[in-house]
Amino acid sequence: MRERRVIVGLEQVAAVRQARQGREPDPVAAATLALLAGADGVSVELRPDRLHVQDRDARVLRQTVERGFQMQLPALPELIRLALEIRPDSVTLLPEIPDSLSPAAGLDVAAQIGVLGELARALEDGKIQSGVLIAPDIEQVKSAHRAGVASVQLHTVRFAEGGPDCDDEFARLGDAARLSHKLGLRVAAGGCLDYRSLRALLEIEEIDEFRVGYAVVARGLLVGLERAVRELRALVD
């Protein structure tokens, strides 16, 4: 079986720190522990309001994480300029999220394919892999391919939260992953994933990468972050 990547999101570590406007816990220290425990990389979500992750976090992470440093940010020119300055290994473009803790839906790439294509080209010209967060929808996959991005992150919130349409959502994720793979796009899955829902998605062979944040940090509060990441790594392997 081919190797699949595990990316640990650090937003909740930053959220705990920002709750008291203090210095701890430091996402940079958390990144070191996650990588030592077997994560293939770490990601941070940079919001326009800097609610959790700060510019300093991204800058220091870039200095300390040799490879596998990812940023997720709304598709806004000023944030793209910052990413081009920091130079993470990859950037995933998100919808604007003014009032929520995380995106409730993926980008409508089809409705803004021209703008997103320009942003993707700017990132790729800066030697940064470009990607978009999208719903597991065939038309959105096709639009992402036409926009010229290198990867898609399939939004897994509806699947992870379960409900009566869970089987239908699993089928949509599978179809979207297979088409993305066929079109030459790297395929990631993320959005409210936990250890249970991730295990189910392992059946979809075309998913190259799993991005998990909150569940790892929550588990880490009980057993320690290194053990939480090791358990996740063992699950994917």
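For the structure itself, look to the data block above.
Note that the structure is predicted; figures quoted are calculated from it, not measured.

Engineer: Tell me about the environment of Phe 210, and please be specific about residues and values.
Structural biologist: One can find Phe 210 in strand E8 (residues 209-212). C-alpha of Phe 210 to C-alpha of Gly 190: the two residues are 20 residues apart in sequence and 6.1 Å apart in space. Other than its neighbours up to four places away in sequence, Phe 210 contacts Arg 4, Arg 5, Val 6, Ile 7, Ala 189, Leu 193, Leu 198, Leu 201, Leu 202 and Val 236.

Engineer: For the pairing of strand E7 (residues 186-190), give the residues involved together with the corresponding values.
Structural biologist: For E7, a buried count of 4 out of 5 residues is recorded, marking the element as mostly surrounded by other parts of the structure. Taken together, the 5 bridges between strand E6 (residues 151-155) and E7 define a ladder with parallel strand orientation. Paired with Leu 154 across the strands is Ala 189, a residue of E7. Looking at chain direction, E7 and E8 are connected through 3 bridges and run parallel. What sits directly across from Ala 188, in E8, is Glu 209. Between E7 and its parallel partner E8, the chain crosses via helix H9 (residues 195-201), and the hand of that crossover is right-handed.

Engineer: Help me get a handle on the packing of aromatic side chains, residues and values and all.
Structural biologist: We describe a pair of aromatic rings using the distance from one ring centre to the other and the angle between the two ring planes. Going through the model one piece at a time under the given rule, you end up with 1 aromatic pair. With 5.8 Å between their ring centres and 40° between their planes, Phe 159 and Phe 170 make a pair best called tilted. One end of the pair, Phe 159, is in helix H7 (residues 157-160); the other, Phe 170, is in helix H8 (residues 166-182), with 11 residues separating them in the sequence.

Engineer: Any chance you could break down the sheet that holds strand E3 (residues 69-74) for me, citing the residues and the numbers?
Structural biologist: Spatially, 8 strands are ordered E1-E2-E3-E4-E5-E6-E7-E8 in a closed barrel, and the strand pairing comes out parallel. Within the sheet, the average angular offset between the axes of one strand and its neighbour, ignoring direction, is 25°. As paired strands, strand E5 (residues 129-134) and E6 are joined by 4 bridges and run parallel to one another. Considered in E6, the bridge of Gly 131 is made with Ser 151. Seen against the sheet, H8 touches E6 and E7 and runs at an angle of roughly 180° to E6. Here helix H11 (residues 225-236) sits on the sheet and contacts strand E1 (5-9) and E8; the angle it forms with E1, its principal contact strand, is near 150°.

Definitions and cut-offs
- Residues numbered from 1 in each chain as written.
- Predicted model: local features only at pLDDT ≥ 70, side-chain atom pairs only at ≥ 80, totals over all residues.
- Heavy atoms only, no water.
- Helix = DSSP H or I, 4+ residues; strand = E, 2+ residues; numbered from the N terminus.
- Contact = heavy atoms within 4.5 Å.
- Buried < 20%, exposed > 50% of the residue type's maximum accessible area, 1.4 Å probe, protein only.
- Pairing = 2+ DSSP bridges.
- Right-handed = clockwise from strand over helix to strand, strands pointing away.
- Phe/Tyr/Trp six-rings, centres within 6.5 Å; stacked < 30°, edge-to-face > 60°.
- Axes fitted to C-alpha atoms, helices over the stretch in contact; angles between N-to-C directions.

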